Amino acid sequence: MVKESRENSYVPRDILLGKEEYYEEILNENKLNVLILYEGKSTYTSTVKEYIDAFKNFSGHNIYYDVASDQSKCYVQFEYFDVVVIHYSLRLCLESGGCTLSPAYADSLRDSTAYKIAIIQDEYDLTDIVKKRLMDLKINAVFTCVPHEFIEKVYPKEELPDIEFFQCLTGYSPDESSIQVDIPSIESRQNKIVYRGRKLSYRYGDLGQEKKNIGERMKQICQEKNIQVDIEVDDDYRIYGKKWYKFLANSRSTLGTESGANIFDFDGTITKNVTQMMASNPDATYNDVYTTLLQEHEGSVMMNQISPKIFEAIFLRTALILFEGEYSGIVQPHKHYIPLKKDFSNVDDVLAKINDTPYLTQLTQRAYEDIIDSGKYSYQKFIRHFDYVVLNRCVFSKSRASSDQGEAPKSYLFASKYVSAKTIFVVYSCYMFFLKRVKNILLNLSHPLLLCAKLKFKIGCFFEKALTFIVDSPNYFNHRLLILKREIWFFLKKISPTCRTLLKGAVKIIRKVLYTLKFIIVYPKDSAKNIVLIYKNALVWWRHNEKRIYKIFIFGCKHPLQFVKRAISKACSFIT
């Protein structure tokens, strides 16, 4: 049914690309139902979360999400979706483990007639398995990080005759809504250089070793010269989320290398041989392994690319100290970053530039204007290309509503136009009543300013994330609820008995609401699901008004009588 509507509604790609206004007209009249399948636990990494959220934030189509990893049961009716996207957090190269595509989802996806897209990364691992999964799942298109000149070598046309390939980056430049960190001036930043790398297996060749070498060597040099840095290459020191952005914004510069690997292990043989050699000779150095096993494979396919961390540093006006390389042709030496030779022969010149504040200011501002402000490498630009692709191949047909399948059930449609005005009013009233109950509890706290400043993330953010995951991925709900409980309990241990008693009451209310919503998801009814979906829209509203709400809250705590008078006055004017 979907395939037939695609063929009847085909719009030539050159027309869509040629006229922006024509594209907008087609998009407004032909919105597609797009389902994004992803691995829920991977969203602790900012890059993964921003990549997944970009579809909801920037696409002109109706975007839906579901966690489809490990052993998740499939409750999705795929016939109601025009496009299904497998995000790279679901590793197609793996056949078991938490990051794999659930067998239940794989079976349903295999039989679906939707236009199926796979977004793949780390394509140098078990490439042959990936190709088999693409054919088995009947994937129509792949967004790949492999450079154009090597696509035929990695994905031969004779093996994958019916699959189209579109190029993409491993990540794109973040926007202000995702970072939300104050950007201090260069001279006020605490550290001269920061870096977080990792020690990768020898199997990844020279690019994998550079991530460790640049950190270890620069840390040693800076310690000898008594330069204040924060450089680590151990996984125990990794930083995620907003803490990473704050860490990066507090430094004049950061180190970086090209990401990827130039050694393709198509069938796993290289990894197996490296493992066996290290087991038989634990003292073997990288040079030993490289000469024996890797040298003949290095460079057969060039996958040295720009890392999303480079975009993050440019956004935060943190200067880049990068090993010399290509970086996908996006950043240029001396213009956008300070080049560091891989033998460190120019390290003194590099360190001298770190102390040159005017130079760093000009360098970081120029990089921001060319890379971030231009919008060339933004998620919005990527999603616009994605919209072009799916519109060109499966434009929503108006005849679909009259087909045997009928319209998609309202439980799948998040847009407010599918919800009656009465339902919106009832849910909004319930939402406001809940906020009032929470507000009354918070107003009695003895340290409201401390709550706003220190616990905004621990309570508000975790509560918001838990509710969001209820809607997007009910299978992941229990995990988020456990984190919420843990964070609240950790906080309760640190506050006074009076505040603890009050907050325990708030926790009981929150738990009741969460479990009620969970019950609605597990036992879906169209009307009940609509309540949850509208609540998601309320969360979007909360993100846009959060700072203003907290300002009002702080004012109410300092001047309760004046706050009540203003609230009554506003309410009366609204009623009249």
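Refer to the structure printed above.
Residues numbered from 1 in each chain as written. Predicted model: local features only at pLDDT ≥ 70, side-chain atom pairs only at ≥ 80, totals over all residues. Heavy atoms only, no water.

**As for the packing of aromatic side chains**
Here the distance between the centres and the angle between the planes together describe a pair of aromatic rings.
In step 1: A complete count under the given rule lists 25 aromatic pairs for this structure.
In step 2: Arranged with centres 5.3 Å apart and planes meeting at 75°, the rings of Tyr64 and Phe81 form a pair that is edge-to-face. Remark: Phe81 occurs in the loop between strand 2 (62-67) and strand 3 (83-86) and Tyr64 occurs in strand 2; sequence separation between them is 17 residues. Phe81 shares its class with Tyr64; the two are buried.
In step 3: In textbook terms, an aromatic cluster arises when at least three aromatic residues are bridged by ring pairs, as seen for Tyr51, Phe55, Tyr88, Phe143, Phe166, Tyr172, Tyr379, Phe382 and Phe386.
In step 4: The positively charged end of Lys309 is found above the aromatic ring belonging to Trp244, 5.0 Å away from the centroid.
In step 5: A cation sits over an aromatic face here: Arg317 above Tyr368, 3.6 Å from the ring centre. (Phe/Tyr/Trp six-rings, centres within 6.5 Å; stacked < 30°, edge-to-face > 60°. Helix = DSSP H or I, 4+ residues; strand = E, 2+ residues; numbered from the N terminus. Buried < 20%, exposed > 50% of the residue type's maximum accessible area, 1.4 Å probe, protein only. Lys NZ or Arg CZ within 6 Å of the ring centre and 35° of its normal.)

**Digging into the sheet that holds strand 1 (residues 33-38)**
In step 1: Read from one edge of the open sheet, six strands run 2-1-3-4-5-6, paired in parallel fashion. Each edge of the open sheet carries a strand with a single partner, namely strand 2 and strand 6 (164-167). Here the strands of the sheet are splayed against their neighbours by 20° on average, with no regard to which way each runs.
In step 2: For strand 4 (residues 115-119) and strand 5 (residues 141-144), the ladder comprises three bridges, and the chain directions are parallel. (Pairing = 2+ DSSP bridges. Axes fitted to C-alpha atoms, helices over the stretch in contact; angles between N-to-C directions.)

**Observations regarding helix 9 (residues 205-224)**
In step 1: The end-to-end C-alpha distance of helix 9, which contains 20 residues, comes to 29 Å, matching closely the 28 Å that a straight helix rising 1.5 Å per residue would cover.
In step 2: Remark: the principal bend of helix 9, roughly 30°, maps to Lys211.
In step 3: Buried residues of helix 9: Gly205, Leu207, Gly208, Gln209, Glu210, Lys211, Lys212, Ile214, Gly215, Met218, Ile221 and Cys222, and no others.
In step 4: Directly beyond the C-terminal end of helix 9, a positive phi value near 60° is found at Asn226. (Expected span 1.5 Å × (residues − 1). Bend = angle between axes of the 7 residues up to and from the residue.)

**Section: the environment of Thr291**
In step 1: Its location among the elements puts Thr291 in helix 12 (residues 286-294).
In step 2: One polar contact links the side chain of Thr291 to the main-chain carbonyl oxygen of Asn287, over a distance of 2.8 Å. (Polar contact = N/O pair within 3.5 Å; in protein donor to acceptor, adjacent residues only side chain to side chain.)

**Thoughts on helix 10 (residues 241-249)**
In step 1: When we look at burial in helix 10, the residues that qualify are Gly241, Trp244, Tyr245, Phe247, Leu248 and Ala249.
In step 2: Against helix 4 (46-58), helix 8 (176-179), strand 7 (191-196), strand 8 (229-232), strand 9 (251-256) and helix 13 (308-315) lie the buried residues of helix 10. (Contact = heavy atoms within 4.5 Å.)

**Quick look at the nonpolar core**
Nonpolar side chains tend to gather and get buried jointly when the protein is soluble and globular.
In step 1: Core analysis: the biggest nonpolar cluster contains 115 residues, and Phe55, Val83, Leu134, Met218 and Val331 have the highest contact counts within it.
In step 2: Residues contacting Val83, with those up to four places away along its chain left out, are Leu32, Asn33, Val34, Leu35, Ala114, Tyr115, Ile117, Phe386, Val390 and Cys394. (Core = buried A, V, L, I, M, F, W, Y, C linked by side-chain atoms within 4.5 Å.)

**Side note on unusual backbone geometry**
In step 1: Here the phi dihedral of Asp70 falls at roughly 55°; this positive angle occurs in a residue that is not glycine.
In step 2: Secondary-structure assignment places Asp70 in the loop between strand 2 and strand 3.
In step 3: Its identity as a non-glycine residue notwithstanding, His334 has a phi of 70°, on the positive side.
In step 4: Residue position: His334 is located in the loop between strand 10 (319-323) and strand 11 (338-340).
In step 5: For His334, a relative accessible area of 46% corresponds to the partly exposed category.

**Focus on the state of the cysteines**
In step 1: All chains considered together, the criterion is met by zero disulfides.
In step 2: This cysteine, Cys93, is not joined by any disulfide, and Cys99 carries the nearest cysteine sulfur, 9.5 Å off.
In step 3: The partly exposed category is assigned to Cys99, whose relative accessible area is 31%. (Disulfide = S-S within 2.5 Å.)

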